[in-house]
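Structural characterization, general
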There are 4 protein chains.
Amino acid sequence: MLLNLDPRSHIPIWEQVVNQVKELILKELLLPGEKLPSVREMSSMLLINPNTVSKAYQELERQGIIETLRGKGTFVLQSIVPKADEQKIEALRQALKQLVIESSYLGIEKESFLKWAESYLKELGGGTDCAESSSDS
Amino acid sequence: MLLNLDPRSHIPIWEQVVNQVKELILKELLLPGEKLPSVREMSSMLLINPNTVSKAYQELERQGIIETLRGKGTFVLQSIVPKADEQKIEALRQALKQLVIESSYLGIEKESFLKWAESYLKELGGGTDCAESSSDS
Amino acid sequence: MLLNLDPRSHIPIWEQVVNQVKELILKELLLPGEKLPSVREMSSMLLINPNTVSKAYQELERQGIIETLRGKGTFVLQSIVPKADEQKIEALRQALKQLVIESSYLGIEKESFLKWAESYLKELGGGTDCAESSSDS
Amino acid sequence: MLLNLDPRSHIPIWEQVVNQVKELILKELLLPGEKLPSVREMSSMLLINPNTVSKAYQELERQGIIETLRGKGTFVLQSIVPKADEQKIEALRQALKQLVIESSYLGIEKESFLKWAESYLKELGGGTDCAESSSDS
DNA sequence: GTGGTCTAGACCACG
DNA sequence: GTGGTCTAGACCACC
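Quick notes on the rules
Per chain, residues are indexed from 1 in the order of the written sequence. Labels are handed out in written order, letters beginning with A for the chains and numbers beginning with 1 for the ligands. With the structure being a predicted model, the display of local features is reserved for residues of pLDDT at least 70 and the display and counting of side-chain atom pairs for 80 or more, all residues being used for whole-chain, interface and lining totals. Values shown for side chains rest on all heavy atoms present in the structure; no hydrogens or waters enter the calculation. Strands here mean DSSP runs of E at least two residues long; helices mean DSSP runs of H or I at least four residues long; both are numbered from the N terminus. Working rule for helices: expected span equals 1.5 Å times residues minus one. In what follows, residue pairs with any heavy atoms lying within 4.5 Å of each other are defined as contacts. Here a polar contact means two N or O atoms within 3.5 Å. Within protein one must be a hydrogen donor candidate and the other an acceptor candidate, and residues neighboring in sequence count only if both atoms are side-chain atoms. One heavy atom within 4 Å of a molecule or strand makes the whole residue count as near it. In the scheme used here, Gly and all other residues not listed as nonpolar or charged are polar, with Ala, Val, Leu, Ile, Met, Phe, Trp, Tyr, Cys and Pro taken as nonpolar and Asp, Glu, Lys and Arg as charged.

Naming follows an unreviewed UniProt entry, where chain A appears as GntR family transcriptional regulator of Fictibacillus aquaticus.

Printed below as a string of structure tokens:
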């Protein structure tokens, strides 16, 4: 559970936590049913306020990724069902388009961009069907 | 200069303006040397606060995309040189990675994601040989 | 005494126990004078903490529904007298009102809501003439 | 915008705000497009912390009932679409069942319970098609 | 021990 | 002016 937080980033800390937990789960470094550090543990590990961790956990629960059992703690859900929210997909497409625009202004070649995308997709998606390919990043 | 602004979007309006101007330039709907509407014109066209337009123009100037000539107006720069800022590239890579993660939780297939990326890359890069001319800085 | 507990529910487990015992009594699946499982038995049956069962029993006793005889065990009271606590009635009305509001936002038809209410009322009140016998306190 | 908050209630204050705003909208005391008091105004009106109001507004936005425009304020959405979430409907049914059980222990007659339900349904639902019936509580 | 709520007060970005 | 985020510290309910 070593998360990389950047307090200077414009992305709120709680959202950085959300993102990185989601990444850890996809990479199977956090397994279904596994217990997350308690809010207090996490906050002292990351040197952030417990409320910030709490907000991150609540958001993850709202997204159907983790669950909290009263008095027990917080756990990764057994079955994380991808829900194909059309609005979110459209937002993602827009974000992707914007990234492409930015990459052009940064002088990034098309091939590089696609290569990166493929590499990230393999890195994560590999875990779903074949675990051995998840480490060849 | 018909921009699509969404006041409900969580992306700041000034940033939406910046993004769409950059897109228009890439698509050659705004040509080098062309004059942009004045801050007042733009703000009344888009029904937004002049300060917002001003902030967008300042950001575009900061990024080396447009220039303001006092008393003359604001113009698209003749040569927009992609500056390969390593930090920005790394940030873009992170953003791309995050998009890939989100797409996984939305149940989007790898092929779809790559297809979209390719389509956007072609859409922009196709109109101009921006990639080849990116080294003549 | 097969209770359906959901550790994921936001209703505290002790309260779920209280609710379901009250339901069993109304449905005459638990009869007046009948002995409840001991705290230990119940906790091992339900795989929950004995303290949780204990809290549920205390609450049921506080509500005048069961009684604990030292050394003998815990029993359903012979005569459960509905006590028309005005405050609780008002709270119930508020809760009902809130349910109606929620049902509206969920797009539930008035008829459906009333049908459900009637069905539940019949389900419970039908088995016993609780309403008529409610005045013999 | 006179809300009745009960700090002693077990329902969190932010949730009480959410509930009552939803009620005001159903009763057409808050109209689509109307501006809600700012977070600061509301917090000073209700004598609660701005963060508490903020949490309530965020929840209302998450439920698709209001929207916030950056720097402008918070507004009731034009079209509030009831979304028939099956899980939430089932939870509502359970809550209704529980209310029926409670009403029995409080000695409430079936007819009273149904009468109340009908009255609340008419009070709110009346606003949808005929405004004149909304005041005959 | 666990998470949830509330307060107070500060800082920031947006328009 | 608006809302959003973060911190610090307190209190509570649950198990």
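Further notes follow.
1. Regarding helix α3 (residues 50–62) of chain B
Every α-helix carries 3.6 residues per turn, so stepping three or four residues along brings you back to the same face. Residues and elements named next belong to chain B. The end-to-end C-alpha distance of α3, which contains 13 residues, comes to 18 Å, matching closely the 18 Å that a straight helix rising 1.5 Å per residue would cover. In this structure, the buried side of α3 is in contact with α1 (13–26), β1 (35–36), α2 (39–46), β2 (66–69) and β3 (73–76). For α3, the N-terminal capping position is held by N49, with its side-chain oxygen 2.8 Å away from the main-chain nitrogen of N51. Backbone geometry just downstream of α3 places G64 in the positive-phi region, at approximately 75°.

2. Remarks on the protein's contact with DNA strand F
What surrounds DNA strand F is a group of 25 residues, the closest being I13, W14, N51, T52 and R70 of chain A. Here, DNA strand F places atoms within 4 Å of the protein, and 67% of those atoms are sugar or phosphate. One of the side-chain nitrogen or oxygen atoms of N51 of chain A is found 2.7 Å away from a base nitrogen of DNA strand F. One of the side-chain nitrogen or oxygen atoms of R70 of chain A is found 2.5 Å away from a phosphate oxygen of DNA strand F. When contributions to the surface near DNA strand F are tallied by element, the ones reaching two or more residues are α1 (13–26) and α3 (50–62) of chain A, α1 (13–26) and α3 (50–62) of chain C together with α2 (39–46), α3 (50–62) and β2 (73–76) of chain D. For the surface near DNA strand F, the class distribution of residues is seven nonpolar, 12 polar and six charged.

3. Here's the deal with the protein's contact with DNA strand E
Contacts to DNA strand E come from 25 residues, most closely from I13, W14, N51, T52 and R70 of chain D. Near-protein atoms of DNA strand E (within 4 Å) split between backbone and bases, with sugar and phosphate holding 66%. Between DNA strand E and the protein, one listed contact pairs a base nitrogen with a side-chain N or O atom of N49 of chain D at 2.8 Å. Contacts to DNA strand E include R70 of chain D, whose side-chain N or O atom sits 2.7 Å from a phosphate oxygen. Of all elements in the fold, only α2 (39–46), α3 and β2 (73–76) of chain A, α1 and α3 of chain B together with α1 (13–26) and α3 of chain D reach the threshold of two or more residues within the surface near DNA strand E.

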